[in-house]
Amino acid sequence: MGRDERIDEEAAALWRELFGEPPPVTADGPMMLDVIMKSLPDMGYDRLRSPHLRSGDITMPR
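Scope of this entry: the structure provided in the associated data block.

To continue, consider the nonpolar core. Considering soluble globular proteins, one finds that nonpolar side chains tend to be buried as a cluster. Counting residues in each nonpolar core, the largest one holds 6 residues, listed as Ala11, Ala12, Trp15, Ala27, Met32 and Ile36. Those elements that place two or more of their residues in this core are α1 (3-19) and α2 (29-39). In terms of residue count, the dominant contributor to this core is α1 (3 residues). Discounting residues that sit within four places of it in the chain, Ala12 has contacts with Pro23 and Met32.

Right under this line is the structure:
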């Protein structure tokens, strides 16, 4: 199985999980991922306030 086929397969599985229906017949992996990403809500990202970072992990520019 090649890279493109793997992407198509994984995107189709994600589509079924999120939308509860099979993906459109004409959609390929990149197209499905584009639709999925556009359907997500816009969320801010503040790396410095991430609960997964310790203060020692943050390096400020000098």
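Aromatic ring pairs are defined here through the distance separating the ring centres and the angle between the ring planes. For the coordinates displayed, the defined rule picks out 1 aromatic pair. Centre to centre, the rings of Trp15 and Phe19 are 4.5 Å apart; their planes meet at 55°, and the pair counts as tilted. Of this pair, Trp15 and Phe19 are both found in helix α1, 4 residues apart, which corresponds to roughly one turn of the helix. A relative accessible area of 9% places Trp15 in the buried class.

Time to look at the pattern of salt bridges. Under the criterion given, the structure shown has 3 salt bridges. One salt bridge in this structure joins Asp4 and Arg3, with 3.5 Å as the shortest N-O distance. Residue Asp4 shares its accessibility class with Arg3, and that shared class is exposed. Asp34 is the partner of Lys38 in a salt bridge, and the nearest nitrogen-oxygen pair spans 3.3 Å. One end of the pair, Lys38, and the other, Asp34, are both in helix α2, 4 residues apart, so they sit about a helical turn from each other. Judged by relative accessible area, which is 66%, Lys38 ranks as exposed.

The rules behind the values
Residues numbered from 1 in each chain as written. Predicted model: local features only at pLDDT ≥ 70, side-chain atom pairs only at ≥ 80, totals over all residues. Heavy atoms only, no water. Core = buried A, V, L, I, M, F, W, Y, C linked by side-chain atoms within 4.5 Å. Buried < 20%, exposed > 50% of the residue type's maximum accessible area, 1.4 Å probe, protein only. Helix = DSSP H or I, 4+ residues; strand = E, 2+ residues; numbered from the N terminus. Contact = heavy atoms within 4.5 Å. Phe/Tyr/Trp six-rings, centres within 6.5 Å; stacked < 30°, edge-to-face > 60°. Salt bridge = Lys/Arg side-chain N within 4 Å of Asp/Glu carboxyl O.

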